[in-house]
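Residue-level structural notes
Residues per chain are reported as follows:
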Amino acid sequence: MERTAEVERVTKETAITIKLNLDGKGEAKLDYPVGFMSHMLNTFARHGLFDIEIKAKGDLEVDQHHLVEDTGIVLGQCFAKALGDKIGIRRNGSCAFPMDECLARACVDISGRPFLFFDGQLSCAPLLSTPENGIKSDFQTDVIEDFWQGFVSAAGCNLHLEIIRGRSDHHKIEALFKAAARALRTACEIDSRASDSIPSTKGSLSAVDVQVLA
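For every chain, the first residue of the written sequence is number 1, and numbering continues from 1 along that sequence. Where local features are concerned, this predicted model is filtered to residues with pLDDT of at least 70; where side-chain atom pairs are given and counted, the filter is 80 or more; whole-chain, interface and lining totals use all residues. Only hydrogens and water are removed before side-chain values are computed, so all heavy atoms of the structure are retained for them.

1. Quick notes on the pairing of strand β5 (residues 92-99)
Only protein chains enter the accessibility calculation, which uses a 1.4 Å probe; a residue whose area is less than 20% of its type maximum is buried, one above 50% is exposed, and one in between is partly exposed. By definition, any uninterrupted DSSP run of H or I lasting at least four residues is a helix, any uninterrupted run of E lasting at least two residues is a strand, and each is numbered from the N terminus. What you see with β5 is a clean split: Gly93, Cys95, Phe97 and Met99 sit on the buried side and Asn92, Ser94, Ala96 and Pro98 on the side with no burial. At least two DSSP bridges between two strands are needed for those strands to be called paired. Bridging between β5 and strand β6 (residues 102-109) involves 8 bridges; their strand directions are antiparallel. Bridge pairing links Phe97 to Ala104 in β6.

2. Concerning the packing of aromatic side chains
Side-chain rings of Phe, Tyr and Trp, where Trp is taken by its six-membered ring, are said to pair if the distance between their centres is within 6.5 Å; with planes under 30 degrees apart they count as stacked, over 60 as edge-to-face, and otherwise as tilted. Under the counting rule described, the total for this entry stands at 10 aromatic pairs. Seen in terms of ring centroids, Phe79 and Phe151 are 5.3 Å apart; in terms of plane orientation they differ by 75°. Their pairing is edge-to-face. With a gap of 72 residues between them, Phe79 in helix α2 (residues 65-83) and Phe151 in helix α3 (residues 143-155) connect regions that are remote in the sequence. For Phe79, a relative accessible area of 2% translates into the label buried. Each member of the aromatic cluster is reached from another via a ring pair, and the members are Phe44, Phe50, Phe79, Phe147, Trp148, Phe151 and Phe177.

3. Quick word on the side chain of His171
Residue placement: His171 occurs in helix α4 (residues 169-188). N or O atoms within 3.5 Å of each other form a polar contact, as long as, within protein, one can give a hydrogen and the other can take it, and as long as residues adjacent in sequence are counted only when both atoms are side-chain atoms. Among the polar contacts listed, one links the side chain of His171 to the side chain of Glu101, at a separation of 2.8 Å. Working rule for contacts: check all heavy atoms of both residues, and any pair within 4.5 Å makes them a contact. Once residues within four sequence positions are removed from consideration, His171 is found in contact with Met99, Asp100, Glu101 and Cys102.

4. What to know about the environment of Cys78
Tracing the sequence through the fold places Cys78 in helix α2. Since its relative accessible area comes to 0%, Cys78 is described here as buried. Setting aside its immediate chain neighbours within four residues, Cys78 contacts Ala5, Val7, Ile18 and Leu20.

5. Focus on the sheet that holds strand β2 (residues 14-21)
The sheet built from 4 strands is open, its strands ordered β1-β2-β4-β3 with mixed pairing. Two strands close off the open sheet at either side, each with one partner strand: β1 (4-10) and β3 (28-31). The average angle at which neighbouring strand axes cross in this sheet is 5°, direction not considered. Helix axes use the C-alpha atoms of the stretch in contact, all axes being lines fitted to C-alpha atoms, and the angles between their N-to-C directions lie in the range 0 to 180 degrees. Those strands touched by α2 are β1, β2 and β4 (51-58), and its axis lies near 35° from that of β2.

6. Overview of unusual backbone geometry
The phi angle at Leu49 is positive, at roughly 55°, despite the residue not being glycine. Structurally, the position occupied by Leu49 is in the loop between α1 (35-48) and β4. Overall, the relative accessible area of 25% leaves Leu49 in the partly exposed class. The backbone phi angle of Gln121 is positive, close to 50°, even though this residue is not glycine. In this fold, Gln121 is placed in the loop between β7 (115-119) and α3.

7. Some remarks on the packing of α1 against α4
Two elements in contact, α1 and α4, have axes whose closest approach is 8 Å; the angle formed by their N-to-C orientations is 35°. Viewed along their axes, α1 and α4 form a crossing whose handedness is right-handed. In contact with Phe36, Met37, His39, Met40, Thr43, Phe44, His47 and Gly48 of α1, α4 contributes His170, Ile173, Glu174, Phe177, Lys178, Ala180, Ala181, Arg182, Leu184 and Arg185. By the definition used in this description, the sense in which the near helix is turned from the far one sets the handedness, with an anticlockwise turn below a right angle giving left-handed and a clockwise turn giving right-handed.

So, in C-alpha cells, the structure goes:
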C-alpha cells in the first residue's frame, strides 16, 4: 500500500496544504513564500527521500512565526496519517550530520508520545537576504524551534535535535534538517524482519491526543 497523505489547514493566519509520500524519491514541489524555509523543506525532502508538495500562504505582514509553525503542524499531521497504524516500521532512527564546521545530531522515536528536545545554539540574529526582486526577506531563526515543536506534537514522535558544534546559523539549521530527515527516513522504513508487527511491547503506537490547532 502507498504510504501517502494530504492535509489542509486553514486558519485566519495561514492556509497550508501538504501532500506527502513517505516512499518517494526526494522530490519537492514548493509554493512557499519564505525563501530560506523553502530551502530547508526542499533539503528535508531530498535527504529523507520523501516526496512533498506544499502550497502555503500566511500573515507575513505580522511575522514568519504563524506560517512556519503551522507548516510544522501540517507536515507532522501528514506523517501521522501516512504512517497509519505503524505496522512494520523501524520506529527509531538517528543521524549525525556534518556540514563544514557544523555537526548536528537527530534522534527520533515514532512512539506516539510527542516530545521535543531542541538545542540549536542559534544566535537568534536574522539571516539576511535580498532576492532578485530587491525585496528583503530576512529569516527569523527563532521560529525553527517552533516548526519542530509543531511537527512532533502533530506527528506523535519523540525528537531530539542538537548542535554539537558549529559557527554559522545557516549551517546549523540546515544540518539539523538534514539529520532529522535521515533519522525520520530510517524510522519510517519498513523492517523486512518484522514487516507484519508493531514495534512495541504494548502492541500499539497510537498517538497521544494533543491539541495542535491553537
